[in-house]
Amino acid sequence: MGIEAQFQKVEEKLYQNRYLVDAGQPHIKIAPHEKPSKNLLAMTHLCPAGCYSEAETGQVEIAADGCLECGTCRVLCEPSGEISWNYPRGGYGILFKFG
Ligand code: SF4
C-alpha cells in the first residue's frame, strides 16, 4: 500500500461530513463595522471551514454554511462583541462522519 493510500488529506475527510443549512437563520453573525479588528480579520485565514472572507470594501463577511463549530471565532471575536455565536438549531448544522 502506497503512502498516499494510508493517509487521507484533511480536505477529503471534511468532505465526508454533511451540512444542513438553516436557511435565513445563520448561527453566527458579525456586528456591523467599518474596519475589522485584527482578530476578526485573522478569521479570514484561521477558520478551518473558510466561512470568513474579506469584502472589497474591507469589511469581514461570514457565510456560516459549512461551519465545523470548532469555536475558534467564538473565542477570538465573541468577547469583544464583534460576532454573536450560537449553536445551530437542533437538526441543523454540521453532521460529522467519524471513521
Ligand atoms: S466556529 Fe470554527 S468553523 Fe465555525 S465559523 Fe468559527 S472558526 Fe469557522
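What counts, and where the lines are drawn
Think of each chain on its own: its residues are numbered from 1, step by step along the sequence as written. Thresholds applied to this predicted model are a pLDDT of at least 70 for local features of residues and 80 or more for the giving and counting of side-chain atom pairs; totals over whole chains, interfaces and linings are not thresholded and use all residues. UniProt positions are given in the numbering used here, feature names are shortened, and annotations may be inferred rather than shown by experiment. For the purposes of this entry, the term helix denotes a DSSP run of H or I that reaches at least four residues, the term strand denotes a run of E that reaches at least two, and both are numbered from the N terminus. Counting other C-beta atoms within 10 Å of a residue's own tells you its class, since 20 or more makes it buried, 12 or fewer makes it exposed, and anything in between is partly exposed; those C-beta atoms are placed from the backbone. Joined through C-beta atoms within 7 Å, a set of buried Ala, Val, Leu, Ile, Met, Phe, Trp, Tyr and Cys residues constitutes a nonpolar core. Using a C-beta atom placed from the backbone, a residue is described as near a molecule or strand when that atom lies within 6 Å of it. The residue classification treats Ala, Val, Leu, Ile, Met, Phe, Trp, Tyr, Cys and Pro as nonpolar and Asp, Glu, Lys and Arg as charged. All others, Gly included, are polar. By definition, residue pairs are in contact when their C-beta atoms, positioned from the backbone, come within 7 Å.

- The protein goes by Ferredoxin-like protein in an unreviewed UniProt entry, where it is assigned to Rhodoblastus acidophilus.
- Of the protein, the UniProt comment under Sequence similarities (unreviewed entry) reads exactly: "To ferredoxins from P.putida and C.tartarivorum, ferredoxin I from A.vinelandii, ferredoxin II from D.desulfuricans."
- Recorded in UniProt for the protein, the comment headed Function (unreviewed entry) runs: "Could be a 3Fe-4S cluster-containing protein."

**With respect to the overall build of the protein**
And then number 1: The helix and strand inventory of the protein stands at four helices and six strands.
And then number 2: The helix and strand sequence of the protein, counted from the amino end, reads α-α-β-β-α-β-β-α-β-β.
And then number 3: If one aligns the C-alpha atoms of the protein with their principal axes, the spans along those axes are about 55 × 30 × 25 Å.
And then number 4: Classification of the 99 residues of the protein by burial places 14% in the buried group.

**Here's the deal with the nonpolar core**
The nonpolar side chains of a soluble globular protein tend to be buried, and buried together.
And then number 1: In terms of nonpolar packing, the biggest core is built from 12 residues, these being Ile-28, Ile-30, Leu-40, Met-43, Cys-47, Tyr-52, Val-60, Ala-64, Cys-67, Cys-73, Cys-77 and Ile-83.
And then number 2: Counting residues per element, the ones that place at least two in this core are β2 (28–30), α3 (38–46) and α4 (72–77).

**Topic: the site of the ligand**
And then number 1: Cys-47, Cys-67, Cys-70, Thr-72 and Cys-73 are the nearest of the 13 residues found near the ligand.
And then number 2: A per-element tally of the shell around the ligand places α4 first, with three residues.
And then number 3: Among the residues forming the shell around the ligand, the class breakdown is nine nonpolar, two polar and two charged.

**Let's talk about unusual backbone geometry**
And then number 1: A positive phi is found at Glu-69, a non-glycine position, where the angle reads about 55°.
And then number 2: Within the secondary structure, Glu-69 sits in the loop between β4 (60–62) and α4.
And then number 3: Accessibility expressed as a C-beta count within 10 Å gives 16 for Glu-69, which makes it partly exposed.

**A few points about the environment of Ala-64**
And then number 1: Mapped onto the elements, Ala-64 comes out in the loop between β4 and α4.
And then number 2: When the C-alpha positions of Ala-64 and Gln-16 are compared, they lie 18 Å apart, and in sequence the two are 48 residues distant.
And then number 3: Setting aside its immediate chain neighbours within four residues, Ala-64 contacts Pro-26, His-27, Ile-28 and Cys-51.

**Describing the environment of Gly-90**
And then number 1: With respect to the helices and strands, Gly-90 occurs in the loop between β5 (83–85) and β6 (93–95).
And then number 2: In this structure the C-alpha to C-alpha distance between Gly-90 and Asp-22, which are 68 residues apart in sequence, comes to 9.9 Å.

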